[in-house]
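Now for the letters of each chain:
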Amino acid sequence: MRYVSTRGQAPSLSFEEAMLTGLARDGGLYVPETVPMFDRGQIAAMAGLPYGEVAFRVMRPFIGEAFTDDEFRELIAKAYAGFAHPARAPLKQLGPNHHLMELFHGPTLAFKDFAMQLIGQLFQASLERSGERITIVGATSGDTGSAAIEAFRGLANVDVVILYPHERISEVQRRQMTTPSESNVHTLAVTGDFDDCQAALKDMFNDFAFRDEVRLAGVNSINWGRVLAQVVYYFTAATSLGAPHREVDFAVPTGNFGDIYAGDIARRMGLSIGRLVIATNRNDILHRTLQSGEHRKSGVTPTISPSMDIQVSSNFERALWDAYGRDGAAVAQLMDELKRDGGFAVSQGAIGRLRDGFASGRASEDETRETIRRIHAETGELLCPHSAVGVHVAEGNMGENPMVTLATAHPAKFPDAVEAATTIRPPLPTRMAGLYDRPERVTRVDNDLAALQSVIREKIAR
Ligand SMILES: *Cc1c(COP(=O)(O)O)cnc(C)c1O
């Protein structure tokens, strides 16, 4: 299995190389050259299997020769051993034909753990083999950073540097990143919003001298290894609800388009997914794109679902690449326009293909709060604000298929918003007790490439 860039100008890579690299050198994202297909019998056989076994079957065709079957099974087992629920991604019924998939039982209480815990294991195995040392730099809207730190803290061959937008994340999110005491963990609070952090990160990757000097590796949601890990739970959920014998729809709280793109890959692999519903908060560039055919940035507005306060939706480039018939030159041109003019018009053919595969909706702040309140009153389930955005949009898009809304974070990660909506303050799980007592360690940095690079050089020269 080879991986090619969405902009068509970077060399093709193996799974291991694509995973360790992150962003392609032409600025594009790595995508598999072909998507392996399962037949109905293979999918039917996954129903009821343990999560780790489904993970092995779904991901195995993508990883090529990187790991033997035994190695890969063991890495998967280690990745999910720290999850607090034996099903890993359990389903709960919310109403007639509507299910919630709880993706928040990992160590940092958000779905990011599914991917990050796995690539932590894969990176470690790969670096132990080669003896290489790398610097992982990531930008976070709140949850990626803590998941990455949790997965890489204390590893000998890795420094992990996380950029987050100063004062734009919840206190739990911040403390999860600033309290680990390992010397290979470096947390930077950057002046600006998440899009600024993500842009700075892209600039670092495009500065090839710096990239090679610090052996930069990326674990942001554009990393193919992360997308792949997220494909698995679409299979466990859909087969539990009757796939391949019936179709299942999914509503996905969306920011960077990573989680929902994983659903698209599952569908391309033959899983009977009907519609994938994009659920956004007020920062609704993806919803507007599907409605109008224009992909245009507007300012980022802070919301109570901060992990989705994004206007530059990186993984959407992968969906565009598919919608444009895998034309790297066309995608490169669109991305130039986005950078230069702040937006572009999607071609007729491409927008038609996107609308065939995806529906979309948005939730206002009031709708989000009201959904948290009502679902708690009706079912006893406490939703985090991101999951509530998903549930609100799902309810507007119910058809004949069972609907699964992805619950992307634990309510205790956003206690203020949940308490305001329900008067109940969700307690942190006991395994996280002490988070509020440990000392914090963080470096303030201006949103300036040279300043960031010099701080990173200083931090990793430990
Ligand atoms: C990251 C995140 C999202 C958005 O996921 P994408 O893959 O970026 O679309 C939604 N909810 C929570 C809680 C998150 O951490």
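Since we're looking at a predicted model, the values are computed, not measured. (Residues numbered from 1 in each chain as written. Predicted model: local features only at pLDDT ≥ 70, side-chain atom pairs only at ≥ 80, totals over all residues. Heavy atoms only, no water.)

K.L.:
Please clarify how the sheet that holds strand β4 (residues 98-102) should be interpreted in this entry.
P.N.:
Backbone hydrogen bonds are what pair the strands of a sheet, in a parallel or an antiparallel way. The six strands are arranged β3-β4-β14-β9-β10-β13 in an open sheet whose pairing can be described as mixed. Two strands in the sheet have a free side with no partner beyond their single neighbour: β3 (91-95) and β13 (358-362). Across this sheet, the average inter-strand angle for adjacent strands is 25°, counted without regard to direction. Judged from the five bridges that link them, strand β10 (residues 273-280) and β13 form a sheet pairing that is parallel. Counted as the bridge partner of Ile278 is Ser360 from β13. Along the sheet, helix α11 (residues 258-268) contacts β9 (248-253), β10, β13 and β14 (403-407); its crossing angle with β10, the most-contacted strand, is approximately 170°. (Pairing = 2+ DSSP bridges. Helix = DSSP H or I, 4+ residues; strand = E, 2+ residues; numbered from the N terminus. Axes fitted to C-alpha atoms, helices over the stretch in contact; angles between N-to-C directions. Contact = heavy atoms within 4.5 Å.)

K.L.:
When you look at the site of the ligand in this model, what are you seeing that I'm missing?
P.N.:
For the ligand, the set of nearby residues contains 15 residues, the closest of which are Lys112, Asp143, Gly255, Asn256 and Thr408. Contacts to the ligand include Asp259, whose backbone N or O atom sits 2.9 Å from an oxygen atom. Thr408 is positioned such that a nitrogen or oxygen atom in its side chain is 2.9 Å from a nitrogen atom of the ligand. Protein chains shield 98% of the accessible area of the ligand, which is 380 Å² for the free molecule. Residue composition of the shell around the ligand, by class: five nonpolar, seven polar and three charged. (Near = heavy atom within 4 Å. Polar contact = N/O pair within 3.5 Å; in protein donor to acceptor, adjacent residues only side chain to side chain. Areas by Shrake-Rupley, 256 points an atom, 1.4 Å probe, with all protein chains shown as cover. Nonpolar A, V, L, I, M, F, W, Y, C, P; charged D, E, K, R; others polar.)

K.L.:
Looking at this model, I keep getting lost on the pattern of salt bridges. Mind explaining?
P.N.:
Side-chain pairs of opposite charge can arise where the charged atoms are in close proximity. Overall, the coordinates contain 31 salt bridges when judged by the stated rule. The partner of Glu440 in a salt bridge is Arg174, and the shortest N-O contact between them spans 2.8 Å. Of the two residues, Glu440 sits in the loop between α18 (415-422) and β15 (443-445) while Arg174 sits in helix α7 (residues 171-178), which places them 266 residues apart along the sequence. Taking the shortest distance from any N to any O, the salt bridge between Glu440 and Arg175 comes out at 3.6 Å. Taken together, the positions of Glu440 in the loop between α18 and β15 and Arg175 in helix α7 put the pair 265 residues apart, joining distant regions of the chain. Classification of Glu440 as partly exposed rests on a relative accessible area of 34%. Members of the salt-bridge network, linked through shared partners, are Asp264, Arg267, Arg268, Asp322 and Arg326. (Salt bridge = Lys/Arg side-chain N within 4 Å of Asp/Glu carboxyl O. Buried < 20%, exposed > 50% of the residue type's maximum accessible area, 1.4 Å probe, protein only.)

K.L.:
Mind showing me how you'd approach the nonpolar core here?
P.N.:
Burial of nonpolar side chains together is a common tendency in soluble globular proteins. Membership of the largest hydrophobic core comes to 109 residues, with the highest contact counts inside it found for Phe152, Tyr233, Tyr234, Phe235, Phe250 and Leu354. Sequence-distant contacts of Leu354, defined by excluding residues within four places in its chain, comprise Leu290, Phe316, Ala319, Leu320, Ala323 and Val346. Val161, Val190, Phe194 and Leu452 belong to the second largest nonpolar core, which has 24 residues in total. (Core = buried A, V, L, I, M, F, W, Y, C linked by side-chain atoms within 4.5 Å.)

K.L.:
Looking at this model, I keep getting lost on the sheet that holds strand β7 (residues 185-190). Mind explaining?
P.N.:
Read from one edge to the other, the open sheet built from five strands follows the order β8-β5-β6-β7-β15, with strand pairing classed as parallel. Each end of this open sheet is capped by a strand with a single partner; those strands are β8 (216-217) and β15. Pairing between β7 and β15: three bridges, direction parallel. When the sheet's bridge partners are listed, Val190 is paired in β15 with Val445.

K.L.:
Sorry if this is basic, but what is going on with empty space enclosed by the protein here?
P.N.:
Unfilled space is identified by rolling a water-sized probe across the atoms. Tallying each qualifying case throughout the model produces four cavities of 30 Å³ or more. In this structure, the largest cavity spans a volume of roughly 270 Å³. If you trace the largest cavity, you find 26 residues lining it, with Phe111, Lys112, Gly255, Asn256 and Ser307 closest to the centre. Residue assignment for the lining of the largest cavity shows that the elements contributing at least two residues are α6 (143-152), α10 (224-240) and α11. Across the lining of the largest cavity, the residue classes break down as nine nonpolar, 13 polar and four charged. As for the second largest cavity, its lining consists of Gly22, Leu23, Val137, Gln198, Leu201, Lys202, Phe205, Gly218, Val219, Asn220, Ile222 and Ser314. Looking at the lining of the second largest cavity, the element that brings in the most residues is helix α8 (residues 194-206), giving four residues. In terms of residue class, the lining of the second largest cavity is built from six nonpolar, five polar and one charged. (1 Å grid on protein atoms, 1.4 Å probe; cavity = no way out; pocket = protein on both sides within 12 Å on 5 of 7 lines; lining within 4 Å. Points joined across faces, edges and corners; volume = space filled by probe spheres on them.)

K.L.:
What am I meant to see in the side chain of Gln311 here?
P.N.:
Secondary-structure assignment places Gln311 in the loop between β11 (294-296) and α13 (316-323). At 3.2 Å, the side chain of Gln311 and the side chain of Arg288 are in polar contact. Filtering out sequence-adjacent residues up to four positions away, Gln311 remains in contact with Asp195, Asn283, Asp284, Ile285, Arg288, Lys297, Ser298, Gly299 and Val300.

K.L.:
Sorry, what's going on with the packing of helix α5 (residues 112-130) against α10 here?
P.N.:
Helix packing for two helices is described by the angle between their axes and how far apart those axes are. Interhelical geometry of α5 versus α10 gives an angle of 125° and a closest axis separation of 8 Å. Taken together, the axes of α5 and α10 are oblique relative to one another. At the point where α5 passes α10, the crossing takes the right-handed sense. Contacts between α5 and α10 involve Lys112, Phe114, Ala115, Met116, Leu118 and Ile119 on the former and, on the latter, Gly225, Arg226, Ala229, Gln230 and Tyr233. Along the lines of polarity and charge, the residues of the contact of α5 with α10 split into seven nonpolar, two polar and two charged. (Parallel < 35°, antiparallel > 145°, perpendicular 65-115°, else oblique. Left-handed = near helix turned anticlockwise from the far one by under 90°.)

K.L.:
How should the environment of Leu241 be read in this particular structure?
P.N.:
Relative to the elements of secondary structure, Leu241 occurs in the loop between α10 and β9. Leu241 sits in the buried class, given a relative accessible area of 11%. Taking the C-alpha atoms as reference points, Leu241 and Met116, 125 residues apart in sequence, are found 27 Å from one another. Excluding its chain neighbours within four sequence positions, the residues that come into contact with Leu241 are Leu91, His99, Arg246, Val248, Pro402 and Val404.

K.L.:
Could you clarify how one ought to interpret the UniProt feature "domain: Tryptophan synthase beta chain-like PALP" (unreviewed entry) in the protein in this entry?
P.N.:
The UniProt entry lists residues 92-332 under the feature "domain: Tryptophan synthase beta chain-like PALP" (unreviewed entry), expressed in the numbering used here. For residues 92-332, helix accounts for 44% and strand for 20%, while the C-alpha atoms at its two ends are 42 Å apart. (UniProt positions renumbered as here; feature names shortened; annotations may be inferred.)

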